[in-house]
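# Structure assessment
The primary structure of each chain is shown beneath.
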Amino acid sequence: MSLLITFTLSESDLEYFGGIMRQAREKAKGLTQQQIIDKAEKMLEKVNNSDAVDFIRDRMYQLDTLIGMVIDKGWGLIEEDLERVLAALTYLSEPHDLIPDDTPGLGFLDDAIMIEIVCKALEHEVQAYREFVIFRATEAERRGADANPMQRSDWLEQRRQQLHERMRRRRNGNTNANKTRSPFSLF
């Protein structure tokens, strides 16, 4: 049996979480990219080794995608996009955040909510990256062992560029097209 519980975050809720995200980014200013990734991976491991509920575990899958976007050399985010994803991961680099991670049953709930908000803010980046990973795996399988590294880099780079362009176009289009949009922004 499962129970569907939904809730809507108001503008003031989103502004509150945005403020928390800004505080986390400020605290994490001295961290390197690798330290942020290491802390996010450590949190992911802690959740996987805990008795966290499915709601939290499902959001951690999204965290794994965000980490992949940063460390995947084939994806190759430009600096601006890399900074957006790293900024999203900074909240997760602090175990004593809104709800301390060691709080039984609830410790990762705030992290799961923040991941959900972040993935909504980065929806075009996440979608493009997931498509890239699928494309890379499908093409590698289709081309088999006959695809030499040079050919692979050609078709992979072309698709990567297409997805990066589409991701930025959609992100910028959403910003410009919707003039009544909430002023809330994580980035």
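In this report, we go over the structure that sits alongside the text. Source: prediction; values computed, not measured.

Now for the overall build of the chain. When helices and strands are counted, the chain shows seven helices and zero strands. Counting from the amino terminus, the chain carries its helices and strands in the arrangement α-α-α-α-α-α-α. Within the chain, the fraction of its 187 residues that count as buried is 40%. Restricting the contact set of the chain to residue pairs at least 6 apart, pairs at least 24 apart contribute 72%. In the form shown here, the chain has an accessible surface area of approximately 11300 Å², with 52% of it arising from carbon and sulfur atoms.

Another aspect to go through is the packing of helix H3 (residues 54-71) against helix H5 (residues 109-121). Orientation of H3 relative to H5, taken along the N-to-C sense of each, is 50°, at an axis distance of 9 Å. By the angle class used here, H3 and H5 are oblique. Note on packing geometry: the crossing formed by H3 with H5 is left-handed. Taken together, the residues of H5 that come into contact with H3 (itself represented by Phe55, Ile56, Arg59, Met60, Gln62, Leu63 and Leu66) are Leu109, Asp111, Ala112, Ile115, Glu116, Val118 and Cys119. Residues belonging to the contact of H3 with H5 are distributed by class as follows: 10 nonpolar, one polar and three charged.

This part is about the packing of helix H1 (residues 11-27) against H5. Direction vectors running N to C along H1 and H5 enclose 100°, while the axes themselves pass 11 Å from each other. In this view, H1 runs roughly perpendicular relative to H5, as classed from their interaxial angle. Contacts between H1 and H5 pair Leu14, Phe17, Ile20 and Met21 from the former with Ile113, Met114, Ile117 and Val118 from the latter.

Mapping glycine 74 onto the fold places it in the loop between H3 and helix H4 (79-90). Of the residues examined, glycine 74 reaches a relative accessible area of 27% and is grouped as partly exposed. With sequence-adjacent residues up to four places away left out, glycine 74 is seen in contact with Phe132, Arg136 and Arg160.

With that settled, the discussion passes to the packing of aromatic side chains. For the coordinates displayed, the defined rule picks out three aromatic pairs. Both rings, one in tyrosine 16 and one in phenylalanine 17, keep their centres 5.9 Å apart while their planes meet at 80°; by these two values the pair is edge-to-face. For tyrosine 16, a relative accessible area of 48% puts it in the partly exposed group. Residue placement shows arginine 159 over the ring face of phenylalanine 135; its charged tip is 5.6 Å from the ring centre.

If charged atoms from side chains of opposite charge come close, those side chains can pair. Tallied over the entire structure, the rule returns 12 salt bridges. Here arginine 160 makes a salt bridge to glutamate 157, at a shortest N to O gap of 2.7 Å. In this pair, arginine 160 and glutamate 157 are both assigned in helix H7 (residues 149-177), three residues apart and thus about one turn of the helix distant. Glutamate 157 gets classed as partly exposed once you look at its relative accessible area, which sits at 30%. The network of salt bridges with shared partners includes Glu80, Asp81, Arg84, Glu125, Arg168 and Arg171.

Calculation rules
- Residues numbered from 1 in each chain as written.
- Predicted model: local features only at pLDDT ≥ 70, side-chain atom pairs only at ≥ 80, totals over all residues.
- Heavy atoms only, no water.
- Helix = DSSP H or I, 4+ residues; strand = E, 2+ residues; numbered from the N terminus.
- Buried < 20%, exposed > 50% of the residue type's maximum accessible area, 1.4 Å probe, protein only.
- Contact = heavy atoms within 4.5 Å.
- Areas by Shrake-Rupley, 256 points an atom, 1.4 Å probe, with all protein chains shown as cover.
- Axes fitted to C-alpha atoms, helices over the stretch in contact; angles between N-to-C directions.
- Parallel < 35°, antiparallel > 145°, perpendicular 65-115°, else oblique.
- Left-handed = near helix turned anticlockwise from the far one by under 90°.
- Nonpolar A, V, L, I, M, F, W, Y, C, P; charged D, E, K, R; others polar.
- Phe/Tyr/Trp six-rings, centres within 6.5 Å; stacked < 30°, edge-to-face > 60°.
- Lys NZ or Arg CZ within 6 Å of the ring centre and 35° of its normal.
- Salt bridge = Lys/Arg side-chain N within 4 Å of Asp/Glu carboxyl O.

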